[in-house]
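Structural overview for review
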Amino acid sequence: MRFQLLTASLLLLSALATSARAQDPVDLAAVNLEDLLKMEVRTVSKKEQQVFRTPAAVYVLTSEDIRRSGASSLPDLLRVVPGLQVAQIDGNKWAVTARGFNGLWANKLLVLVNGRAVYTPVSSGVYWDLQDFMLDDIERIEVVRGPGAAVWGANAVNGVINIMTRSAEVSQGGFVSVRTGTPDNAIVAARYGGTLGSQGYYKLYAKHTQRAELVDDTGADAGDDASITQGGVRVELNAGLSDSFTFEASAMTGESGERVNEPITSYAFVERSMIEARSPLDSQFALARWTRNKSQRSGFSVQAFWDHSYRLVIDKGETTQTVDLELQHRFPLGRRHDFVWGAGQRFWWDEEEVKFAEYLDPPSSRMRLFNAFVQDEVSLLPTVNLTVGSKFEHNTVAGFEVQPTARVAWLPTARQSTWFAVSRAARTPSRIERALHVDVAVFPDEIGRPIVMSLRGNPAVQNEHTTVYEAGYRIEPTRSLMFDLAAFHNRYDDLIGLRERTAFETTPGPPHVSLIQERANGVTGESEGIELLARWQPSSRWRLDGSYDFLRIRLHDFRPGQPDAISLASRNPTHQWRVRSWLSLTRGWQLDSNLFYTGRLEAVDVPSYLRADVRVGGPVMRNVTLSVVGQNLLEPTHREFDGFEGVYLSQVRRGGSAKVTITF
Amino acid sequence: MAVLKATAAIVFFAALPLVSAQAPPGNLTEAQAKAAVLYNLALFVQWPAEAFDNGGKLHFGILRADPVMRAMSGVEGRVVNGRTVKVRTVGSEDVQSWHVLYIPELDREGQTWLDKVSGKPVLTVSDDERFLRAGGMIRVSFVESRVRFEIDIGNAERAGLKISSKALSLARVVRDGRPVKR
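Cut-offs used in this document
- Residues numbered from 1 in each chain as written.
- Chains lettered and ligands numbered in written order.
- Predicted model: local features only at pLDDT ≥ 70, side-chain atom pairs only at ≥ 80, totals over all residues.
- Heavy atoms only, no water.
- Helix = DSSP H or I, 4+ residues; strand = E, 2+ residues; numbered from the N terminus.
- Contact = heavy atoms within 4.5 Å.
- Pairing = 2+ DSSP bridges.
- 1 Å grid on protein atoms, 1.4 Å probe; cavity = no way out; pocket = protein on both sides within 12 Å on 5 of 7 lines; lining within 4 Å.
- Points joined across faces, edges and corners; volume = space filled by probe spheres on them.
- Nonpolar A, V, L, I, M, F, W, Y, C, P; charged D, E, K, R; others polar.
- Salt bridge = Lys/Arg side-chain N within 4 Å of Asp/Glu carboxyl O.
- Phe/Tyr/Trp six-rings, centres within 6.5 Å; stacked < 30°, edge-to-face > 60°.
- Buried < 20%, exposed > 50% of the residue type's maximum accessible area, 1.4 Å probe, protein only.
- Arc of directions from axis to C-beta.

All names here are of chain A. As for its placement among the helices and strands, F483 is situated in strand 26 (residues 481–505). Along the sequence, F483 and R535 sit 52 residues apart, while their C-alpha atoms lie 6.4 Å from each other. If sequence neighbours within four positions are ignored, F483 has contacts with Y473, R474, I475, P477, L533 and A534.

As a further point, take the sheet that holds strand 8 (residues 138–143) of chain B. Residues and elements named next belong to chain B. Spatially, nine strands are ordered 4-5-3-6-7-8-9-11-12 in an open sheet, and the strand pairing comes out mixed. The sheet is open, and its two edges are formed by strand 4 (79–80) and strand 12 (178–179), each paired on a single side. One ladder, built from three bridges, connects strand 9 (residues 146–152) with strand 11 (residues 172–175); its direction is parallel. By the bridge assignment, E150 is partnered in strand 11 with R172.

If you walk across this open sheet you meet the five strands as 2-7-8-5-6 (chain A), and the pairing is mixed. The open sheet has two edge strands with one neighbour each: strand 2 (57–62) and strand 6 (116–117) of chain A.

Time to look at empty space enclosed by the protein. Residues and elements named next belong to chain A. Going through the model one piece at a time under the given rule, you end up with 14 cavities of 30 Å³ or more. Taken as a whole, the largest cavity holds about 510 Å³ of empty space. Lining the largest cavity are 37 residues, with R116, V118, Q131, S283 and F285 sitting closest to its centre. Elements with a contribution of two residues or more to the lining of the largest cavity: strand 6, strand 11 (200–211), strand 12 (226–239), strand 13 (243–266), strand 14 (269–295), strand 15 (298–313), strand 16 (316–333) and strand 17 (337–352). If one sorts the elements of the lining of the largest cavity by residue count, strand 15 sits on top with four residues. A per-class count over the lining of the largest cavity returns 16 nonpolar, 13 polar and eight charged.

Counted under the stated rule, the structure contains 60 salt bridges over all chains. Among the ionic contacts, a cluster of salt bridges with common partners joins D65(A), R535(A), R543(A), D545(A) and R580(A).

What follows is about the packing of aromatic side chains. Residues and elements named next belong to chain A. Applying the stated criterion across every chain, the model contains seven aromatic pairs over all chains. The interplanar angle of 45° and the centroid separation of 5.3 Å between the aromatic rings of F331 and F339 together place this pair among those described as tilted. Residue class for F331 comes out partly exposed when judged on its relative accessible area of 21%. According to the relative accessible area criterion, F339 is partly exposed, its value standing at 22%. Relative to W349, the ring of F347 has its centre 6.3 Å away and its plane inclined at 25°; by these criteria the two rings are stacked. Residue F347 is classed as partly exposed on the basis of its relative accessible area, which comes to 32%. Note on W349: relative accessible area 32%, which makes it partly exposed.

Time to look at helix 5 (residues 108–117) of chain B. All names here are of chain B. Those residues of helix 5 not exposed but buried are G110, W113, L114 and V117. Relative to the axis of helix 5, the buried residues are bounded by an arc of 100° and lie together on one face. Tucked inside the fold, the buried residues of helix 5 contact strand 6 (100–103) and strand 7 (123–126). Among the residues trailing helix 5, G119 stands out with phi positive, at a value near 85°.

Note that all results are geometric; they support no functional claim without further evidence.
Right under this line is the structure:
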């Protein structure tokens, strides 16, 4: 409490001190060209202008955000985004979600990398350990909370994260970065870019990541280290003025450890125990895209990608393969309409290892997904624009689904904007929800006959539906101050919970009574929240960001005959806040600090915690930079989540690392 | 614990004195930076003699009333290489009169103007990333809060313009799309 007071009063003091200074006018004629190139320019990029006018809760992480956060993994980087909840589960796993329902396989968030969806159809979640990008290679990350514009599809219920890596064109020359310390023992990455003829560019990259073990509740090593090596290439060719062609491919291999809860065989009985499992990680993808841009308002693109991965999930082998083809066409209609439409077809194959007492039934499946969308952005008045659109999907699991959205943005003055949106979003059940069979325990009844407790998927489950009402307000009262507020109210229907039933089963023998917890649609609920971001830049040397999230979820589950929501129990904090400070020292050196507060997770008894990360970095020689980062500085260890879905929780540790980058 | 929190607070705010110290060396807006590039480039470009038949003026044409126009108002009337600077928004005048033409974006209107001045001794400048490929001479961009510019000397030379090596040394230079090694 006193710490908060101290922080607040220091902020106030600095506000008074810096607001007293006036801005010096700039005499253009006195600036010479060489000096001009060294000066800092306050850019309101097209992206930022777009964000201001966008009728959605958008946050953009720039490459400067990425570099100055000191983060060494994508989930850690995402902690700064208002509205996202990030919790580390073990040395190589994270639970990341937007607006609630967090878990190892949080399924209401869609993650795209350069337009390629990276969620797995098996669990509807994202394998964050496989999204091991060279963070220095990310151009920007756009996070939209809420059901993404109709251009993205099912599973984008509460958010879309679009990660864009740098093009080969801007990655020319060589770059090497080495980072060492704890908890990431070593991260070595190298990139080289060159030209192909007069209209082409290429880029090659390779990266090796070694993450150290964390600790368990007793402080012992948790066996959850990971090691990943990957390499890739990206080629861009420009043909004429409007056509461009991009090709990327990458392959990754590695291994990770985890502690999981496994059934141990024993005739007719199931005992469970914790074991330390090692999983190989193998993943590859290739993507090709052709884009034709006639002008700012019109163009089209065609994209195809393939990906394949093999790994163990809770110690069971899982192979997935995806092939996807999609196209998008954008064109103006008259002066007021900007129309986009698109269509795509995706094929998924998955195959899981069958293990005693835990398996998917059937162990392999194929899914075909067709999607199409339309969206019209109408300029009703110079200060009002309306976006109306819908996504149409058909998949082999849940049939046909329509997801419409309507959004209005109003800019009453040049410095204020407000927006409202109503949308309907759907989430397709995952393979786990349809097909997982787990015998949790077997115990004898009074006369020694076995009773089997099991958790079962249900092939008959259908899509979950959510109606989302959102509103937002942005204002820039002065050039150096900005506020961005987003609020939402969601109504959930047909959420998949667990329903109990008892059955007498004869297979597998001997005949036994089964207490089954089976997935079923039927849970309903509401959630509300606000996300507030404030950004203050009192001088060119100092920028301060603060954000606050409030989230409340209510699920209705105690109705006779309906499934209960225990498995959905909110694992999200009611309050979160963050403060980030960017300070430019002398000679290009920077001091950046991040403070994160995450509230208590009631349902799983995880206490609230405060996390502080600090980074100091700058140039040491021409083309060489050094940075030193301290993470989780406030406590030696802390818990962020709980273990479930069979994985045991590790504690996050305090760590420090140093990073050197060389450009040549 | 308390010590750590105190340390955190200090680390966060230790640099307050630094911040409250003297004014930063120069903090430009995007429009000011672009205007500065336009004005400065004029110092490093040589036009053919016939481009100045209409008197000792250096005409800057800005397509549409862009914020760059307002930023340029500070240099209106100044003298560069013996010629007075005049800044106007482009209308339907004879394109022969412009020496420097700034086209913010290569949309249909921008492309039309670029085609109109093609081959004529007019220095063309834009933000659009396709500009050099389209025949433009200078492209201004912003990379991590710093202004950068790219020059296509092939396009400039064909129009009769000479760009001094000083300016070339500060830019990324291509000749008809091919990067020029320095």
